[in-house]
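Residue-level listing of the chains:
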Amino acid sequence: MFDVAQTFFSSRTRPEFSVVVPAFNEAPSLAVFHARLRSVMDKLGAWEAIYVDDGSTDGTRAVIEALRGGDSRVAVLALSRNFGKEIATTAGLDHASGDAVIVIDADLQDPPETIPALVAAWRQGFDMVNAQRRVREGETRLKRASAHMFYRLMRHAGRVKLPADTGDFRLMSRRVVDAVAQLREQHRFMKGLFAWVGFPTTTVLYDRAPRHAGETKWNYWRLWNFALEGITSFTVMPLKVATYLGLVVALLSVIYGVEVVVKTLIRGNEVAGYPSLMTVMLFLGGVQLVTLGVIGEYLGRIFNETKRRPLYLVEHYASSSSRVDAAE
Ligand code: UDP
Ligand code: MG
């Protein structure tokens, strides 16, 4: 093939827009998605679409290659295995060259028809345009409630303000993309990273549609881990809570200790109090274990970061046409 590095750095005409689409087992949606994307983007200017195949097992790669065969503005970026949406998105951003980059899901939950509104806000001078869901259709009440709680918790715990009801669907200016590209942490909580870089930000409302086909890859275990990731990569609040919990418990035990000593002095030792002893022991044991667990969560993340592994490995990359032309 051609030399990726050479292509990457050679001067060429950049498309005005890059659309980054992480896709994991989205074969049934992609053709419909691309058709809708194309009819929207053609009205906006020069563009490319970077489809990131995140180690799919259902022929997504073949569908993307076919799309590229029919439309030279399509770039194929196949990762060596499934790395997860956050990293797939990062890989797409790394390969995007547009002045503005749009990140959008492949399952048509983020309607491409919203993109012109995002672009309009960008043209007004905003660097970051978040698409905020007006309704969350096709999602259970439990998922909605847990999402709500998570955003509230993050708002109170962290210094970075996360916009509520915002997914990864957004538009970023070139300088925001370059800024995000500098954040190479392994534990990628994208919403947090996007919020961390700052720059003039605005929000556009849209209606989130139900999935076009297939099903969500987010079960509750994954969502829980996602929330943990968000909290631990953006706040040290749990560590603080552990500290204060420890202080409170220590204080209470001192008070209780004094009470025990005084009682013994007054009434002598009656060797009673097995239940209270048990309660206190179990309680303290529990507090210690939880606290250790909290420390462990952070320690594990430190461990992962110190390995300094690359975020992802590319199995195959074929750029959109503007890139290839420039390399030749
Ligand atoms: N996705 C991905 N890698 C994964 C899981 C998901 O690239 O490991 C993509 C998926 O193909 C879709 C987007 O991320 O384009 C959102 O995934 P999903 O629809 O499962 O999440 P939800 O919309 O339920 O938040
Ligand atoms: Mg989805």
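Look a little higher up for the structure.
Residues numbered from 1 in each chain as written. Chains lettered and ligands numbered in written order. Predicted model: local features only at pLDDT ≥ 70, side-chain atom pairs only at ≥ 80, totals over all residues. Heavy atoms only, no water.

Draft legend 1. Region of the structure containing the side chain of Arg170. In this fold, Arg170 is placed in strand E6 (residues 166-173). Within the buried core, Arg170 has no salt-bridge partner, and the shortest N-O distance to an opposite charge, that of Asp168, equals 4.7 Å. Aside from chain neighbours lying at most four places away, what touches Arg170 is Val101, Ile102, Val103, Leu118, Met128, Val129, Asn130, Ala131, Lys191 and Phe194. (Helix = DSSP H or I, 4+ residues; strand = E, 2+ residues; numbered from the N terminus. Buried < 20%, exposed > 50% of the residue type's maximum accessible area, 1.4 Å probe, protein only. Lys, Arg positive; Asp, Glu negative; His and termini not counted. Salt bridge = Lys/Arg side-chain N within 4 Å of Asp/Glu carboxyl O. Contact = heavy atoms within 4.5 Å.)

Draft legend 2. Structural context of the site of ligand 1. By nearness alone, 20 residues border ligand 1, and Glu26, Asp54, Asp107, Gln109 and Thr216 come closest of all. At a separation of 2.6 Å, a nitrogen atom of ligand 1 approaches a polar side-chain atom of Asp54. The separation between a nitrogen atom of ligand 1 and a polar main-chain atom of Lys85 is 3.4 Å. Taking 530 Å² as the accessible area of ligand 1 by itself, protein coverage stands at 95%. Those elements that place two or more of their residues in the shell around ligand 1 are strand E1 (17-23) and helix H4 (85-95). Tallied by class, the residues present in the shell around ligand 1 amount to six nonpolar, four polar and ten charged. (Near = heavy atom within 4 Å. Polar contact = N/O pair within 3.5 Å; in protein donor to acceptor, adjacent residues only side chain to side chain. Areas by Shrake-Rupley, 256 points an atom, 1.4 Å probe, with all protein chains shown as cover. Nonpolar A, V, L, I, M, F, W, Y, C, P; charged D, E, K, R; others polar.)

Draft legend 3. Summary view of helix H10 (residues 237-267). Here H10 spans 44 Å end to end across 31 residues, near enough to the 45 Å set by a 1.5 Å rise per residue. Those residues of H10 lying buried are Pro238, Ala242 and Val249. Where H10 is buried, its residues contact helix H9 (220-234) and helix H11 (274-306). Immediately beyond the C-terminal end of H10, within one or two residues, lies Gly268, with a positive phi of roughly 80°. (Expected span 1.5 Å × (residues − 1).)

Draft legend 4. Region of interest: the pairing of strand E4 (residues 100-103). Side chains Ala100 and Ile102 of E4 all project onto a buried face; the interleaved residues Val101 and Val103 project onto the opposite face, where all are buried too. Alignment of E1 against E4, held across four bridges, turns out to be parallel. If you follow Val19 over to E4, its bridge partner there is Ile102. Two strands pair when backbone bridges link them, and E4 and E6 are joined in this way by four bridges, in the antiparallel orientation. Pairing of Ile102 across the sheet is with Leu171, part of E6. (Pairing = 2+ DSSP bridges.)

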